[in-house]
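Examining the three-dimensional arrangement
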Amino acid sequence: MNESGRPQDFLLSNPRADRVRKVAQLAGRPARLKRREFLAEGPQAVREALALHQKRVAAGEPGIVLEVYASESCLDRHPELEALAEGVSAYLATDDVLAAMADTVTPQGIVAVCRHLDATLEEVLDAGPTLVAVLCQVRDPGNAGTVLRAADAAGADAVILTGASVDIYNPKAVRSTAGSLFHLPVVLGADVAEVAARCKERGIGVLAADGYGQLNLDVLQDQNAARRMGAASAVSDYALEGPTAWLFGNEAQGLSEEELAVADHRVAVPVYGSAESLNLGTAATVCLYASARAQQAGAKAQD
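For the structure given in this document, a descriptive report is provided here. (Residues numbered from 1 in each chain as written. Predicted model: local features only at pLDDT ≥ 70, side-chain atom pairs only at ≥ 80, totals over all residues. Heavy atoms only, no water.)

Some details on the sheet that holds strand 11 (residues 265-268)
Put simply, the rule is: At least two bridges found by DSSP between two strands are what make those strands a pair. Each helix is a run of DSSP H or I of at least 4 residues and each strand a run of E of at least 2, with the numbering of both proceeding from the N terminus. Note on contacts: a residue pair qualifies if any of its non-hydrogen atoms lie within 4.5 Å across the two residues. Geometry is summarised by axes, namely lines fitted to C-alpha atoms with helices restricted to the contacting stretch, and by angles between N-to-C directions that run from 0 to 180 degrees.
In space, the seven strands of this open sheet follow the order 7-6-5-10-8-11-9, with parallel pairing throughout. Each end of this open sheet is capped by a strand with a single partner; those strands are strand 7 (186-190) and strand 9 (215-216). Here strand 6 (residues 158-162) runs beside strand 7; their pairing, made up of three bridges, is parallel. Of the residues in strand 7, the one forming a bridge with I160 is V187. Against the sheet, helix 8 (residues 141-153) engages strand 5 (131-135), strand 6 and strand 7, with an angle of about 175° to strand 5.

Structure (structure tokens):
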């Protein structure tokens, strides 16, 4: 015990120690793949990682957090993290050590070494999802993390990344999720054609977010609202309240013709101003919330 009563074997103070170097290696993809581990940095991400860890342990499943390293000052600011770290190998470390471990320029005082979390496509589909985000060749870690966070906020059931997409365990991607990585299943290395086919087999519609799409998202939402309100002549090109998988494409090129071809419909988010287009994170958020709103309204109508 140290003076504050916190358990520790020793204070890590040498930034060049083997343990520190081993943690720092997780900033690189080779170490992450070989060890199937990654880093969560900062109080928010570590809090969500520990919460999931404790939930799984309580259910008799393997935990996901292997080690936690934190400074005294961070634990003073976030005392709840100590309780969440019960049963986890935890160590106090100096700021220099945490700076050597972390990927950020300004470390936030705590990092956690976590096991990979990815699920299989079969596991996700067997759970009966109603809203899924599919990232096709999305290569920017910040964008991938932002879409995952938006999917979490919209109540999506899973996020799927195709084989040419960024590693979601990239430190920047993990930070961009703001903890949402620990809230919903993520499938990695998927084939978009297989994803679309499997979704359709299970009654899940596939929509492609495409700036040149034949369907206008605002019009589609209006059609769906009119139909739900019982307008006699109301028709809609697609029932947004139904189970849906949204396809989102590469930041620069968007969805390829091959990717567009597997969708049931191509849907455009209208741009009313002078902007050339919306960025990936914004467009994905608008699309996911359109489905989420329709699904919520449909669920309330059935109550």
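Notes on the side chain of R32
For the record, the criterion: Any residue under 20% of the maximum accessible area for its type is buried, any over 50% is exposed, and the rest in between are partly exposed; the area is computed with a 1.4 Å probe on protein chains only. Counting of polar contacts relies on pairs of N or O atoms within 3.5 Å, with two restrictions inside protein: one atom must be capable of donating a hydrogen and the other of accepting it, and residues adjacent in sequence are counted only when both atoms are side-chain atoms.
Tracing the backbone through its elements, the reader meets R32 in helix 2 (residues 29-35). When its relative accessible area of 2% is taken as the criterion, R32 is described as buried. Engagement of the side chain of R32 in a polar contact is seen with the backbone oxygen of L26, the distance being 3.1 Å. Apart from residues lying up to four places away in sequence, R32 is in contact with L26, A27, E37, F38, H116, D167, Y169, N170 and P171.

A look at the environment of G242
Structurally, G242 can be placed in the loop between helix 11 (217-228) and strand 10 (244-248). Judged by its relative accessible area of 16%, G242 falls in the buried class. Spatially, the C-alpha atoms of G242 and I204 are 7.4 Å apart, while their sequence positions differ by 38 residues. Not counting residues within four places of it along the chain, the set of residues in contact with G242 comprises T130 and Q295.

A word on the sheet that holds strand 3 (residues 89-92)
With mixed pairing, the four strands of this open sheet are ordered in space as 1-4-2-3. Sheet topology places strand 1 (37-41) and strand 3 at the edges, where each strand pairs with a single neighbour. Strand-to-strand twist of the sheet, defined as the mean angle between neighbouring strand axes without regard to direction, takes the value 15°. Where strand 2 (residues 65-70) and strand 4 (residues 110-115) come together, five bridges link them in antiparallel fashion.

Examining the nonpolar core
In plain terms, the rule: To define a nonpolar core, start from buried Ala, Val, Leu, Ile, Met, Phe, Trp, Tyr and Cys residues and group those joined through side-chain atoms within 4.5 Å.
One finds V65, L181, F182, W246 and F248 to be the most contacted residues of the largest nonpolar core, which totals 60 residues. Once you skip the residues sitting within four places of it in the chain, W246 turns out to touch L131, V132, A133, V134, L207, A208, A209, L217, V267, C287, L288 and S291. Of all hydrophobic cores here, the second largest spans 24 residues; its members include V134, A158, V195 and L260.

Some thoughts on a nonpolar patch on the surface
Inclusion rule: Residues qualify for a patch when their relative accessible area is over 30% and they have no salt bridge, like charges being joined within 9 Å and the nonpolar side chains of Val, Leu, Ile, Met, Phe, Trp and Tyr within 5 Å. All accessible-area figures derive from a Shrake-Rupley calculation using a 1.4 Å probe, and residue coverage is judged against the displayed protein chains alone. For this analysis, a salt bridge means a side-chain nitrogen from Lys or Arg found within 4 Å of a carboxyl oxygen belonging to Asp or Glu.
Taken together, the side chains of V271, L278 and V286 define a hydrophobic patch exposed on the protein surface, amounting to about 200 Å² of accessible area. Examined against the element boundaries, V286 turns out to sit in helix 13 (residues 280-302). On the basis of relative accessible area, V286 is assigned to the partly exposed category, the value being 33%.

Quick word on the packing of aromatic side chains
Each pair of aromatic rings is reported with the distance of its centres and the angle of its planes. The condition that has to hold: Stacked, edge-to-face and tilted labels apply to pairs of Phe, Tyr and Trp rings (six-membered ring for Trp) whose centres lie within 6.5 Å, assigned for plane angles under 30 degrees, over 60, and everything in between, in that order. Think of it as a cone above the ring: NZ of Lys or CZ of Arg counts as a charge over the ring if it is within 6 Å of the ring centre and within 35 degrees of the ring normal.
Considering all chains together, one arrives at four aromatic pairs under this definition. Ring geometry for F38 against F182: centres 6.0 Å apart, planes inclined by 20°, an arrangement best described as stacked. Separated by 144 residues along the polypeptide, F38 in strand 1 and F182 in the loop between helix 9 (171-176) and strand 7 bring together distant segments of the chain. Ring pairing ties together the aromatic residues F38, Y169 and F182, which thus form one cluster. In this arrangement the basic side chain of R19 is found over the ring face of Y91, its NZ or CZ atom lying 4.5 Å from the centre.

Quick word on unusual backbone geometry
A positive phi angle, close to 55°, is found at Q137, a residue other than glycine. For Q137, the location among the structural elements is in the loop between strand 5 and helix 8.

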